Amino acid sequence: MGKVYFVGAGSGDPELLTLKGKRVLESADVIIYDRLVHPVLLYLAKDSARFIYSGKYPKNHVLKQKNINQLLLEEGLKQQIVVRLKGGDPGIFGRVGEEIATLQSEGISYEIVPGVTAASAASSYSGIPLTHREHSSKVTLATAHRQAGESIDFKGLTENGTMCLYMGVERAVSTQQKLLEQGVSPQLPAAIIEWGSLGRQQTVTATIQTMVEAIEAHQLQNPSLIILGDVVSCRKGADWFEQLPLFGRKILLINTEKIDFETVLSYTQQGADVYAIQVGETRDRRFDEVHQRYLSDHYFEEVVYLNQELATMYNKQWDILTKRII
């Protein structure tokens with residue numbers, strides 16, 4: 001029997017992966033990864049590792065939770081190392097409890113490797129402290145997708161406190177209504193952070209009264225985090241991450257050689273939104289499906305050819321190249 005590791009990939013920035021998470025990924029025989037995991041982390045895998053996509057789109061689950069549970073059983077019963085790679089932290093809105101219960105029912109060994117959750121990453125990369133001696137002595141992490149009949153004490157939790165709502169954009173209207181109904185000040189600061197800690201991050205500040213209008217005006221979508229509380233007032237315009245030299249630039253790296261993870265990081269460390277693909281007949285074909293899926297969800301405005309022959313061959317007509325991925 002093998003072992004299953006639940007690894008938190010961190011939120012966005014690939015360098016938020018922990019050292020333990022990196023070590024486990026490098027030794028994995030099978031990696032079952034979610035949609036919000038940055039796929040450049042798969043470049044850490046050994047050449048023989050298998051990739052299984054278990055991503056969930058809104059109202060369109062590639063693998064339903066019960067199927068994921070069954071998959072973990074099937075792979076965990078083999079003599080191999082299985083990594084269940086989850087965005088953020090597995091224990092925070094990651095349904096890890098259900099998956100652990102499935103493994104426990106068959107006596108399958110497992111470990112949990114915590115990750116940097118969206119609340120920590122998005123707030124830090126936007127210059128918003130979650131706690132502050134003058135503004136907040138407590139932090140609440142909540143999901144906007146609550147069970148029927150479930151209520152939240154918005155007023156109590158936002159008084160001298162900070163509330164972080166995960167995936168809250170779709171429920172912003174009803175959330176705003178409940179906040180105002182409970183007597184929360186319409187002028188309480190709010191921040192909406194889309195794609196936190198990635199180079200495509202958008203941070204919009206508003207108030208409870210104006211946050212729905214702000215979301216619509218900036219066309220913000222999930223994955224987004226909503227931060228409610230006086231700590232939002234600590235943000236004074238673009239902060240450290242948004243001031244990095246390549247922030248906001250969407251760059252696609254292309255090479256005929258195996259993608260070097262450190263090369264990718266040399267761009268993300270400067271704030272760029274980066275993806276990298278290997279092309280050509282000798283490419284690692286495990287990534288063909290990974291690339292097709294990621295490039296269908298995200299677009300890139302600049303191309304950097306890491307192999308000069310490619311630049312000459314394609315004359316920078318990368319749109320044709322990426323559709324073929326050959």
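Sequence order as written defines the numbering, with residues in each chain counted from 1. Reporting of local features is limited, given that this is a predicted model, to residues whose pLDDT is at least 70; pairs of side-chain atoms are given and counted only at 80 or more, and all residues count toward the totals for whole chains, interfaces and linings. Side-chain metrics rest on all non-hydrogen atoms present in the structure, leaving aside hydrogens and water.

Trainee: An account of the layout of surface pockets is needed here, citing residue identities and associated values.
Mentor: Estimates place the volume of the second largest pocket at around 510 Å³. Using protein atoms alone on a 1 Å grid, points that fit a 1.4 Å probe yet trap it form a cavity, whereas open point sets bounded by protein on both sides within 12 Å along at least five of seven lines form a pocket; residues with an atom within 4 Å of a point count as lining. In this structure, the second largest pocket is lined by 25 residues; those nearest its centre are R35, W195, R200, D297 and H298. Examining the composition of the lining of the second largest pocket, we find that 4 residues originate from one element, helix α9 (residues 287–297), more than from any other. Of the residues contributing to the lining of the second largest pocket, the split by class is 10 nonpolar, 6 polar and 9 charged. Grid points are joined across faces, edges and corners, and a volume is the space filled by probe spheres set on the points. Each helix corresponds to a stretch of at least 4 residues labelled H or I by DSSP, and each strand to a stretch of at least 2 residues labelled E; elements are numbered beginning at the N terminus. Gly is put with the polar residues, along with every residue not named as nonpolar or charged; the nonpolar set is Ala, Val, Leu, Ile, Met, Phe, Trp, Tyr, Cys and Pro, and the charged set is Asp, Glu, Lys and Arg.

Trainee: Could you give an account of empty space enclosed by the protein, naming the residues involved and the relevant values?
Mentor: What the rule picks out here adds up to 3 cavities of 30 Å³ or more. Size it by volume and the largest cavity reaches roughly 60 Å³. As for the largest cavity, its lining consists of D13, P14, H38, S197, L198, G199, F241, T268, G271, A272, D273 and V274. Tallied by class, residues from the lining of the largest cavity come to 5 nonpolar, 5 polar and 2 charged.

Trainee: Which residues make up the nonpolar core, and what are the values?
Mentor: Residues belong to one nonpolar core when they are buried, are Ala, Val, Leu, Ile, Met, Phe, Trp, Tyr or Cys, and are joined through side-chain atoms within 4.5 Å. Categorising residues by exposure relies on relative accessible area from a 1.4 Å probe, with only protein chains included: less than 20% of the type maximum marks a residue as buried, more than 50% marks it as exposed, and the intermediate range marks it as partly exposed. Of all hydrophobic cores here, the largest spans 46 residues; its most connected members are I31, F51, V83, L85 and Y275. Sequence-distant contacts of I31, that is, excluding residues within four places in its chain, are made with L25, L42, A45, R50, F51, I52, V83 and L85. Residues I152, L165, I192 and A206 belong to the second largest nonpolar core, which totals 22 residues. For this analysis, residues touch if any pair of their heavy atoms sits within 4.5 Å.

Trainee: Quick one: what's the story with a nonpolar patch on the surface, residue by residue and with numbers?
Mentor: For patches, a residue must show more than 30% relative accessible area and have no salt bridge; joins then use 9 Å for like charges and 5 Å for nonpolar side chains, namely Val, Leu, Ile, Met, Phe, Trp and Tyr. Shrake-Rupley sampling with a 1.4 Å probe provides the accessible areas, and residues are treated as covered by the protein chains on show and by no other component. A carboxyl oxygen of Asp or Glu within 4 Å of a side-chain nitrogen of Lys or Arg is what we treat as a salt bridge. Side chains of F93, V139 and L141 sit close together on the surface and give an oily, nonpolar patch of about 230 Å² of accessible area. Relative to the helices and strands, F93 is located in the loop between β6 (81–86) and α3 (96–105).

Trainee: Now, about the sheet that holds strand β15 (residues 302–305): what can you tell me, with residues and values included?
Mentor: The 3 strands are arranged β14-β13-β15 in an open sheet whose pairing can be described as parallel. Edge strands, defined here as strands with exactly one partner in the open sheet, are β14 (273–278) and β15. Each strand axis lies, on average, 25 degrees off the axis of its neighbour in the sheet, ignoring direction. Paired strands, in this sense, are two strands between which DSSP finds at least two bridges. Bridge count for strand β13 (residues 250–255) against β14 is 6 bridges, and the pairing is parallel. When the bridges of β14 are listed, I251 appears paired with V274. Where α9 meets the sheet, its contacts fall on β13 and β14, and the angle it forms with β14 comes to roughly 145 degrees. Each axis is a line fitted through C-alpha atoms, taken for helices only over the stretch in contact, and angles between the N-to-C directions span 0 to 180 degrees.

Read these as spatial facts, not as claims about activity.
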